[in-house]
Amino acid sequence: MNTKTYVEKHQNRFINELIDLLKIPSISADSSYKTSMQEAAQMVANQLESAGCDEVKIFPTNGHAVVFGQKIIDAQLPTVLVYSHYDVQPPDPLDLWDSPPFEPVIKKTDIHPDGAIFARGACDDKGQMYMHVKAFELMMAENALPCNVKFMIEGEEEVGSEHLEDFINEHNAMLANDVILVSDTGMISKNYPSITTGLRGLSYVEVEVTGPNRDLHSGLYGGAVANPINILTQMIASLQDENNRITVPGFYDKVEELSQEEREKMAEAPFDLEHYKTSIGIGDVHGEKGYVTNERNSIRPTLDVNGIWGGYIGEGAKTVIPSKAFAKISMRLVPNQDWREITELFQKHFESIAPKSVNVKVKPHHGGQGYVTPIDSIEYQAADKAFQDTFGKSAIPLRSGGSIPIVSLFENVFNSKTILMGFGLDSDAIHSPNEHFGIWNFLKGIETIPHFYKHFTALKA
């Protein structure tokens with residue numbers, strides 16, 4: 001199977017089709033984009049049908065739709081379920097984009113001399129999702145599909161996949177599979193392919209601190225009435241100690257501690273600390289004492305403020321003590337930490353440290369469990385062999401700091417492993433202005449994915 005030849009022959013069409021998909025502002029978090037979400041779902045369905053699926057259907061949910069497609073060639077053969085999402089993050093702040101987020105442009109960069117597509121969703125996850133559609137097209141066109149394939153492309157990943165569990169439970173038989181293939185992660189570099197073997201879990205909450213029953217004049221009331229913004233910042237500051245460890249009681253009780261051998265294996269991955277600092281414009285790194293950067297952002301739990309607001313933020317001055325202050329806080333969790341338990345621990349602690357001068361509310365948003373896949377499984381071996389076929393070297397097993405909450409759900413429901421074959425790079429600015437996806441990475445993904453099908457089917461036999 002010469003996948004490279006097919007990709008080279010059709011690469012311009014592949015790129016143009018992806019650009020058309022990226023033009024659709026499928027922002028799941030904003031209800032005003034409901035029509036765009038529907039348009040994106042329909043385009044994905046059309047492409048699955050064109051690629052060769054026998055059955056394609058758009059399933060409504062209480063939120064945004066799930067697109068399903070399948071090609072069953074023999075019920076006795078293994079089945080690969082491809083999971084991805086067509087929704088994207090909001091593009092704000094718009095003024096930091098060099099080009100409009102939904103008007104894709106191709107530009108060359110130092111890392112991507114062949115060009116990269118700049119647009120919201122280019123890497124996360126429309127570009128990586130579309131690799132799988134085109135890889136399937138390739139196998140169908142070359143009469144090289146060795147097993148059955150199903151696609152489940154959802155529209156709510158960026159808002160916590162709120163309705164996906166219900167959808168999976170309702171359509172369990174339809175979605176039955178032997179392995180789940182996901183490309184919503186990255187690799188170390190173009191020269192060092194990697195397979196993500198671990199994901200952190202997530203607990204996301206919003207907190208509200210209320211003081212007086214209305215905004216007050218800061219001259220008349222300042223010094224006598226608690227300022228909710230001041231109180232909130234003090235409470236947040238107390239959530240980490242001088243060693244940057246989280247102070248919520250019970251937070252570390254179930255944290256998985258890796259052995260020194262495992263930590264040494266992780267350290268084999270190439271990492272340039274100076275480049276890391278320069279690439280994001282910082283003078284030094286910061287984090288939990290006793291761990292290096294690549295451990296802090298992958299195998300250790302965290303607590304971060306994602307947004308904070310209150311009072312007057314318009315032009316000029318307005319001297320008020322605000323009635324309320326708010327913050328959004330996320331906690332990245334490691335395997336064995338249950339996100340619901342952590343959310344409860346946080347809520348209990350945060351409410352307990354509030355002074356009597358204010359009222360505090362903690363509103364849980366969404367969360368998910370962490371996940372680890374073993375590197376001695378046939379699923380992992382198939383992915384590694386696929387990378388060997390197209391990169392000429394084995395992939396490095398790597399734990400990711402990110403979260404894909406539904407991965408642990410998949411294993412519980414389907415009793416099958418998830419393989420995370422990502423082709424993005426850390427520099428692709430996902431969730432940020434100027435998100436992009438290298439054309440080389442996009443095409444390399446299409447070239448590599450069919451080899452996974454080949455090796456998995458052979459190993460499963």
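Heads up: the structure comes first, above all this text.
Rules behind the numbers
Residues numbered from 1 in each chain as written. Predicted model: local features only at pLDDT ≥ 70, side-chain atom pairs only at ≥ 80, totals over all residues. Heavy atoms only, no water. Helix = DSSP H or I, 4+ residues; strand = E, 2+ residues; numbered from the N terminus. Buried < 20%, exposed > 50% of the residue type's maximum accessible area, 1.4 Å probe, protein only. Areas by Shrake-Rupley, 256 points an atom, 1.4 Å probe, with all protein chains shown as cover. Lys, Arg positive; Asp, Glu negative; His and termini not counted. Charge placed at Lys NZ, Arg CZ, Asp CG, Glu CD. Core = buried A, V, L, I, M, F, W, Y, C linked by side-chain atoms within 4.5 Å. Contact = heavy atoms within 4.5 Å. Arc of directions from axis to C-beta. Polar contact = N/O pair within 3.5 Å; in protein donor to acceptor, adjacent residues only side chain to side chain. Patch = residues over 30% accessible without salt bridge, like charges linked within 9 Å, V, L, I, M, F, W, Y side chains within 5 Å. Salt bridge = Lys/Arg side-chain N within 4 Å of Asp/Glu carboxyl O. Pairing = 2+ DSSP bridges. Axes fitted to C-alpha atoms, helices over the stretch in contact; angles between N-to-C directions. 1 Å grid on protein atoms, 1.4 Å probe; cavity = no way out; pocket = protein on both sides within 12 Å on 5 of 7 lines; lining within 4 Å. Points joined across faces, edges and corners; volume = space filled by probe spheres on them. Nonpolar A, V, L, I, M, F, W, Y, C, P; charged D, E, K, R; others polar. Parallel < 35°, antiparallel > 145°, perpendicular 65-115°, else oblique. Phe/Tyr/Trp six-rings, centres within 6.5 Å; stacked < 30°, edge-to-face > 60°.

1. Re the overall build of the chain
Then step 1. Assigned secondary structure in the chain consists of 13 helices and 18 strands.
Then step 2. Projected onto the principal axes, the alpha-carbon positions of the chain cover approximately 80 × 50 × 45 Å.
Then step 3. Here the chain holds 461 residues, and the buried ones make up 53% of them.
Then step 4. If you sum the accessible surface of the chain, you get close to 20,800 Å²; carbon and sulfur atoms cover 47% of it.
Then step 5. Between the centroid of the 40 positive side chains of the chain and the centroid of its 62 negative side chains there is a distance of 1 Å.

2. Some words on the nonpolar core
Then step 1. With 63 residues, the main nonpolar core has V80, Y86, M421, F423, F442, F452 and Y453 as its most contacted residues.
Then step 2. Those elements that provide at least two residues to this core are α1 (3-22), α2 (34-51), β3 (79-85), α3 (126-141), β6 (148-154), β7 (179-182), α11 (378-391) and α13 (439-460).
Then step 3. Not counting residues within four places of it along the chain, the set of residues in contact with F442 comprises F14, I15, L18, G127, Y130, M131 and F437.

3. A few points about helix α6 (residues 228-237)
Then step 1. Among the residues making up α6, those that are buried are P228, I231, L232, M235 and I236. An end-on view of α6 places all buried positions within 130° of arc, on one side of the element. When the buried face of α6 is taken as reference, the exposed residues oriented beyond 90 degrees from it are Q234 and A237.
Then step 2. Buried residues in α6 make contact with β9 (201-210), β11 (304-310), β12 (320-321), β13 (324-333), α10 (339-352) and β14 (359-368).
Then step 3. Backbone nitrogen of I229 and a side-chain oxygen of the N-cap are separated by 2.9 Å at the start of α6; the cap is N227.

4. Quick word on a negative patch on the surface
Then step 1. Among the surface-exposed residues, E162, E165, D166 and E170 lie close enough to one another that they form a single negatively charged patch.
Then step 2. Checked against the element boundaries, E165 lands in helix α4 (residues 164-170).
Then step 3. Taking the relative accessible area as the measure of exposure, E165 reaches 39% and is therefore partly exposed.

5. Structural notes on the pairing of β7
Sheet faces and side chains relate simply in a regular strand, where the side chains alternate between the two faces.
Then step 1. Residues V179 and L181 of β7 are buried on one face, and the alternating residues I180 and V182, pointing to the opposite face, are buried as well.
Then step 2. Across four bridges, the pairing between β3 and β7 is parallel. Counterpart to V82 in the pairing with β7 is L181.
Then step 3. Bridging between β7 and strand β17 (residues 417-420) involves four bridges; their strand directions are parallel. The residue of β17 that forms the bridge with V182 is L420.

6. Considering the sheet that holds strand β4 (residues 105-107)
Then step 1. Sheet architecture is open: three strands sit in the order β4-β5-β18, paired in antiparallel fashion. Each edge of the sheet is formed by a strand with only one pairing partner; in this case those strands are β4 and β18 (436-438). Strand-to-strand twist in this sheet, taken as the mean axis angle between neighbours without regard to direction, amounts to 30°.
Then step 2. Where strand β5 (residues 116-118) meets β18, three bridges bridge the pair, whose relative direction is antiparallel. Across the sheet, the residue bridging to F118 is H436, located in β18.
Then step 3. α1 contacts β4 and β5 of the sheet and is inclined by roughly 15° relative to β5.
Then step 4. Contacts between α13 and the sheet are confined to β4, β5 and β18, with β18 contributing the most and set at about 60° to the helix.

7. Observations regarding the sheet that holds β9
Then step 1. Pairing within the open sheet is antiparallel, and its four strands lie in the order β11-β13-β9-β14. Of all strands in the sheet, those with a lone pairing partner are β11 and β14, marking the two edges. Between one strand and the next, the sheet's axes are offset by a mean angle of 15°, whatever the strand orientation.
Then step 2. Note that β9 and β14 share nine bridges and pair antiparallel. Paired with V207 across the strands is V362, a residue of β14.
Then step 3. Here α10 sits on the sheet and contacts β9, β13 and β14; the angle it forms with β14, its principal contact strand, is near 170°.

8. A closer look at empty space enclosed by the protein
Then step 1. For the structure shown, the criterion picks out two cavities of 30 Å³ or more.
Then step 2. Put simply, the largest cavity is a space of about 40 Å³.
Then step 3. The wall of the largest cavity is formed by G250, F251, D253, K254, Q337, D338, E341, I342 and L345.
Then step 4. Looking at side-chain class alone, the lining of the largest cavity contains three nonpolar, two polar and four charged residues.

9. Brief notes about the packing of α1 against α2
Then step 1. The interhelical angle for the contact between α1 and α2, taken along N-to-C directions, is 155°, at an axis separation of 10 Å. Taken together, the axes of α1 and α2 lie roughly antiparallel to each other. For the pair α1 and α2, contact is made by E17, D20 and L21 and by A40, M43, V44 and Q47, respectively.
Then step 2. Grouping the constituent residues of the contact of α1 with α2 by class yields four nonpolar, one polar and two charged.

10. Observations regarding the layout of surface pockets
Then step 1. Approximately 330 Å³ is the volume attributed to the second largest pocket.
Then step 2. Along the walls of the second largest pocket sit 15 residues, with E165, W339, R340, G367 and L409 positioned nearest its centre.
Then step 3. Every element with two or more residues in the lining of the second largest pocket is listed here: α10, β14 and α12 (406-414).
Then step 4. Broken down by class, the residue content of the lining of the second largest pocket amounts to four nonpolar, eight polar and three charged.

11. What to know about the packing of aromatic side chains
Then step 1. One pass over the full model with this rule turns up 16 aromatic pairs.
Then step 2. Taking 6.3 Å as the distance between ring centres and 65° as the angle between the ring planes, the aromatic pair formed by F437 and F442 counts as edge-to-face.
Then step 3. Residue classification places F437 among the buried residues on the basis of a relative accessible area of 2%.
Then step 4. The class of F442 is buried, set by a relative accessible area of 1%.

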